[in-house]
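Structural features, examined
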Amino acid sequence: MSGNRFRSVGVAIALVLLATLPLWVGNSYYINVASQILLFAVFALALNVLVGYAGLVSLGHAGLFAIAGYAAALMLQAGYGHLAADTAAVVITLAASAIFAVLALRSTGIGFLMITLALGQIIWGIAYRWASLTNGDNGINVATRPAPFGINLTGAPGFYFATLLVFLLALASMAVFVRSPFGASLRGTRDQPLRMNALGYNVWLIRFFAVLFSGFWTAVSGLLFIYYNQFISPQVAALTTSAEILLMVISGGTATLLGPVVGAAIVVVMKNVVSAYIERWNLVLGVIFVLIISFMPDGLVPGSVRLWRWGWQTVRARLDGWISSPVEEHGR
Amino acid sequence: MTTHRRTVLKGLLGAGVSAVALKAPTVLAQTPVKIGLLTVKTGPLAQGGIQMEQGIVTFLKEKNYTLAGRKVDFISADTGGNPAGAKTKAQELIERDKVHVILGPLAAFELLAITDYVRDHQTPLISLAAAEDVTQRKANPFVIRPSATSAQCCHVMGDYAAKELKYKRAATISEDFAFGYEQMAGFQRVFEDNGGRVVKKLWPPLVTPDYTPYIAQIGNVDCVFNGFAGSNPVKFMRAYADLGLKGRIPLLAGWTAMDDALLRSLGDEAVGVISVAFYSADYGSESNKRFVAAMQKDYGVLPGGYSAGMYVAGQCVEAAVQKLGDAGPDGKTLAEALHQISVADTPRGPVKFDKYGNVVGDVFVRRCERKGGQLVNTVIKTYSNVSQFWTYDEKEFLANPVYSRDYPPAKYIE
């Protein structure tokens, strides 16, 4: 009971902090960094559906991310409106996710990882080499950000609020998904695929829908990315992007709601803010990951929760012992 | 105001030195010029990126961190060599640090990712990256380029190979990316317009462990023009010599493929290579002598195009700030001033800009020689006042598509 109240207070505080961030952060640069954290958090949440809840590690998600980005950028360049371009981008990415799923779900574990890796590299190759379509490594510029309902997203705060809204929707959808029968069955396919099969669940189909669900939010984050950067080039589709997002998920904590968000925050802050002060920020990031893996192998969020509970229980045990039975203890 | 650790240090240093050396406290009364550098200090492009920083720091040191009576705040940012990083770091420099002008970035894709952004934020940018269209079909009033477009030097090489070296048949080889395409296209166009024929175009990937299969395809030609960049030219030239082609087919090179800064990594395989570049450490201008001496003293290296490009960029900032006088180096006015200036003495010779913001200046043809044990790129011919359009009509040039893998079409491929 008190734990629940504690949690709701925490959520309320976090919401207030996030909603007022542009006010207390001040400089638009830091607002932009916050937008980046949120958009990568959406991406990491999407990947976490597979990595965390389905037990399927994908190294090809940058490909899906880039498909959404390129589809929208090309449509916009061809003169379509934002709504049409974005809708088409999501549909195309879902179709690509379905193809990914059909090919990659023939196996699990390392096999799944390798197939997604190959698919991601194919997307990278197309983006890089099909220059007449994608403009090769010179990339495509996106001239404007959309103005949904007449709200201008050009400035840093406007874009931040739009990203925040999308992020909260993504987070809420994840929360619903985790609690839903679908989420439970997906976890079932992760832990006991054979038993799930014996119980009459279609393991393949459950995983297929999980890939689509993940692909949908990957597409949305891809759209946020191109609207944020107003530019897309093949680097986005590269393996390093996939690996970076996977690191976000793993370092924050797989199969948790907040893990990918925390992971995204660490990586984005290290890459963009700390790198201004420490030339060898890559090294620092590496050390942080090693520390996380060494001391909190299940990720920062579950690790911290464990640490907190352990600390709290130790303190309470001491307090209890001290209050209820000092005499007894001394009497011994 | 947010202040940078590095800025504070350098600012103090600069202020201290200038106050002592020049005894000119009035210098400090005017608002400082804030210069931001977008460079690459991590990842595969770091070598060129570090040279960029050395170049601009050398210039600022020489000026005691004071340009035209204004103190300089210098802030350096590492983009990591990717477009998204360049964008974020440009935001950091413009929105957080409020710089007046940005120098860099290094790679074309980084530049293309931020050109719209600097225009929207009215911050002038002095580019080193070579992407043609930034000063052509997508010219941007906030961007100038005192180095060269990808093809600017290669046009010269096409001319020199056809007219002076009398070569008839050429093969080209370069990395499979836009900088390579634009370089090779420029060479091919001028070479073929002067009677030559490009009979083979080879495109190894950016990361190629072994160039042997590509070199084996070169076949029967009078010369090979290569446009490699980064550390690839070192690998390529070694393979070229090892396979016995060095003595048989003369090798020509673009500026990144035979940059002076690369010479210390090269050996006999480089001797005799003829290259074109917008900068040569060998060049005899006063500022170049100072620059080369300072680079050797501070860093123990021979400067190349990356560091010289940034030194010249610094001179452009100085000239523009000087031109503005009391007006202050702000956004639009500074961008306009940067387009109008000309600098007479730079390490690459006199520099002025066309209306698209690209440099009109000297291009050097050099031959690599061994002098007293050291490799040197000796200037054998100087082409003066070379424009990005070469001798072509500007309108016609811009009406054509941008140089690419397929344009101009290679008609003589065998």
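Since the model is a prediction, treat every value here as computed from it, not as a measurement.

1. Digging into the interface of chain A and chain B
- At the junction of the two partners, chain A supplies 26 residues and chain B supplies 29 residues.
- Carbon and sulfur atoms make up 41% of the area that chain A and chain B hide from each other, which totals about 2,600 Å².
- Where chain A touches chain B, the interface holds two salt bridges.
- Of the charged contacts in the structure, one is a salt bridge between A:Glu279 and B:Lys41, with a shortest N-O distance of 3.3 Å.
- The set of elements that each furnish at least two residues to the side of chain A that touches chain B consists of α3 (28-54), α6 (109-129), α11 (203-229), α13 (259-272) and α14 (281-295) of chain A.
- With five residues, α3(A) is the single largest residue contributor to the side of chain A that touches chain B.
- Class assignment for the residues of the side of chain A that touches chain B results in nine nonpolar, 13 polar and four charged.

2. As for the sheet that holds strand β2 (residues 66-67) of chain B
Residue and element names in this part refer to chain B.
- The six strands are arranged β2-β3-β1-β4-β5-β6 in an open sheet whose pairing can be described as mixed. Strands with a single pairing partner mark the edges of an open sheet, and in this sheet they are β2 and β6 (143-144).
- Across two bridges, strand β4 (residues 101-103) lies against strand β5 (residues 125-126) in parallel orientation. Residue pairing in the sheet places Ile-102 in a bridge with Leu-125 of β5.

3. Structural notes on the domain arrangement of chain B
Residue and element names in this part refer to chain B.
- Along its sequence, chain B is organised into domain 1 (5-148 + 283-357) and domain 2 (152-277 + 362-399).
- One C-alpha centre belongs to domain 1, the other to domain 2, and the line joining them spans 28 Å.
- With 22 residues of domain 1 at the contact, the number on the domain 2 side is 19 residues.
- At the boundary of domain 1 with domain 2, total buried surface from both sides reaches about 2,000 Å², with 51% on carbon and sulfur atoms.
- Across the contact surface, domain 1 and domain 2 share one salt bridge.
- Linking Glu-394 and Lys-355 is a salt bridge whose minimum nitrogen-to-oxygen distance equals 3.4 Å.

4. Side note on the environment of B:Gln340
- Along the chain, B:Gln340 turns up in helix α11 (residues 331-340).
- For the pair formed by B:Gln340 and B:Lys323, sequence separation is 17 residues and the distance between their alpha carbons is 9.3 Å.

5. Some thoughts on the packing of aromatic side chains
- All told, the structure shown has 32 aromatic pairs over all chains when counted by the stated rule.
- Between A:Phe43 and A:Phe65 the ring centres are 4.3 Å apart and the planes differ by 10 degrees, which places this aromatic pair in the stacked class. Within this pair, whereas A:Phe43 is found in helix α3, its partner A:Phe65 is found in helix α4 (residues 61-77), the two being separated by 22 residues in sequence. Neither residue differs from the other here; A:Phe43 and A:Phe65 are each classed as buried.
- What links up through ring pairs into an aromatic cluster is the set B:Tyr356, B:Phe389, B:Tyr392, B:Phe397 and B:Tyr403.
- Looking at A:Arg145, its charged tip hangs above the ring of A:Phe159, at a distance of 4.2 Å from the centre.
- Geometry around B:Tyr392 places B:Arg189 over its ring, the cationic atom sitting 3.9 Å from the centre.

6. Observations concerning a nonpolar patch on the surface
Residues and elements named next belong to chain A.
- A contiguous nonpolar patch, built from Phe-6, Trp-308, Trp-312, Val-315, Leu-319, Trp-322 and Ile-323 and spanning about 900 Å² of accessible area, is present on the exposed surface.
- It is helix α15 (residues 300-324) that contributes the most residues to the nonpolar patch, six residues altogether.
- Assignment of secondary structure puts Trp-312 in helix α15.

7. Overview of the packing of α4(A) against α11(A)
Residue and element names in this part refer to chain A.
- Interhelical geometry of α4 versus α11 gives an angle of 50 degrees and a closest axis separation of 8 Å. Our classification of the angle between α4 and α11 gives oblique. The crossing of α4 and α11 is right-handed. Residues His-61, Leu-64, Phe-65, Ala-68, Gly-69, Ala-72, Ala-73 and Leu-76 of α4 pack against Ser-214, Thr-218, Ala-219, Ser-221, Gly-222, Leu-223, Phe-225, Ile-226 and Tyr-227 of α11.

8. Remarks on helix α9 (residues 286-299) of chain B
All names here are of chain B.
- Across its 14 residues, α9 extends 20 Å between first and last C-alpha, which sits within 8% of the 20 Å expected from 1.5 Å per residue.
- Taken residue by residue, α9 has Ser-287, Asn-288, Phe-291, Val-292 and Met-295 as its buried positions. Seen along its axis, α9 keeps its buried residues to an arc of 130 degrees; they face one direction.
- Close packing links the buried residues of α9 with α2 (46-62) and α10 (305-324).
- Just downstream of α9 lies Gly-300, where phi reads positive at about 65 degrees.

9. Structural notes on the packing of α3(A) against helix α3 (residues 83-96) of chain B
- Following both chains from N to C, one finds α3(A) and α3(B) inclined at 155 degrees, their axes separated by 8 Å at the closest point. What the angle tells us is that α3(A) and α3(B) run roughly antiparallel. In this structure, α3(A) uses A:Ser28, A:Tyr29, A:Tyr30, A:Asn32 and A:Gln36 to contact α3(B), whose residues at the interface are B:Thr88, B:Gln91, B:Glu92, B:Glu95 and B:Arg96.
- Tallied by class, residues from the contact of α3(A) with α3(B) come to two nonpolar, five polar and three charged.

10. A word on the confidence of the model for chain A
- When pLDDT is averaged across chain A, the result is 91; 96% of the residues are at 70 or more.
- Confidence scores differ between elements of chain A, with helix α16 (residues 326-331) of chain A showing the lowest mean pLDDT of 49 and helix α5 (residues 82-104) of chain A the highest of 97.

11. With respect to the side chain of B:Thr256
All names here are of chain B.
- With respect to the helices and strands, Thr-256 occurs in the loop between β10 (251-253) and β11 (274-277).
- A distance of 2.7 Å separates a polar atom in the side chain of Thr-256 from the backbone oxygen of Phe-228.
- Setting aside chain neighbours within four positions, we find Thr-256 in contact with Phe-179, Gln-183, Gly-227, Phe-228, Ala-229, Pro-233, Leu-262 and Tyr-306.

12. So, the pattern of salt bridges
Residues and elements named next belong to chain B.
- Scanning the entire structure with this criterion turns up 27 salt bridges over all chains.
- Note that Arg-290 is salt-bridged to Glu-62, the shortest N-O span being 2.9 Å. Within this pair, whereas Arg-290 is found in helix α9, its partner Glu-62 is found in helix α2, the two being separated by 228 residues in sequence.
- Linked by salt bridges that have partners in common, Lys-89, Glu-92, Arg-96 and Asp-97 make up one network.

Cut-off values and rules
Residues numbered from 1 in each chain as written. Chains lettered and ligands numbered in written order. Predicted model: local features only at pLDDT ≥ 70, side-chain atom pairs only at ≥ 80, totals over all residues. Heavy atoms only, no water. Contact = heavy atoms within 4.5 Å. Buried area = accessible area lost by both parts, 1.4 Å probe. Salt bridge = Lys/Arg side-chain N within 4 Å of Asp/Glu carboxyl O. Helix = DSSP H or I, 4+ residues; strand = E, 2+ residues; numbered from the N terminus. Nonpolar A, V, L, I, M, F, W, Y, C, P; charged D, E, K, R; others polar. Pairing = 2+ DSSP bridges. Domains from an automatic or database assignment. Phe/Tyr/Trp six-rings, centres within 6.5 Å; stacked < 30°, edge-to-face > 60°. Buried < 20%, exposed > 50% of the residue type's maximum accessible area, 1.4 Å probe, protein only. Lys NZ or Arg CZ within 6 Å of the ring centre and 35° of its normal. Patch = residues over 30% accessible without salt bridge, like charges linked within 9 Å, V, L, I, M, F, W, Y side chains within 5 Å. Areas by Shrake-Rupley, 256 points an atom, 1.4 Å probe, with all protein chains shown as cover. Axes fitted to C-alpha atoms, helices over the stretch in contact; angles between N-to-C directions. Parallel < 35°, antiparallel > 145°, perpendicular 65-115°, else oblique. Left-handed = near helix turned anticlockwise from the far one by under 90°. Expected span 1.5 Å × (residues − 1). Arc of directions from axis to C-beta. pLDDT = per-residue confidence, 0-100. Polar contact = N/O pair within 3.5 Å; in protein donor to acceptor, adjacent residues only side chain to side chain.

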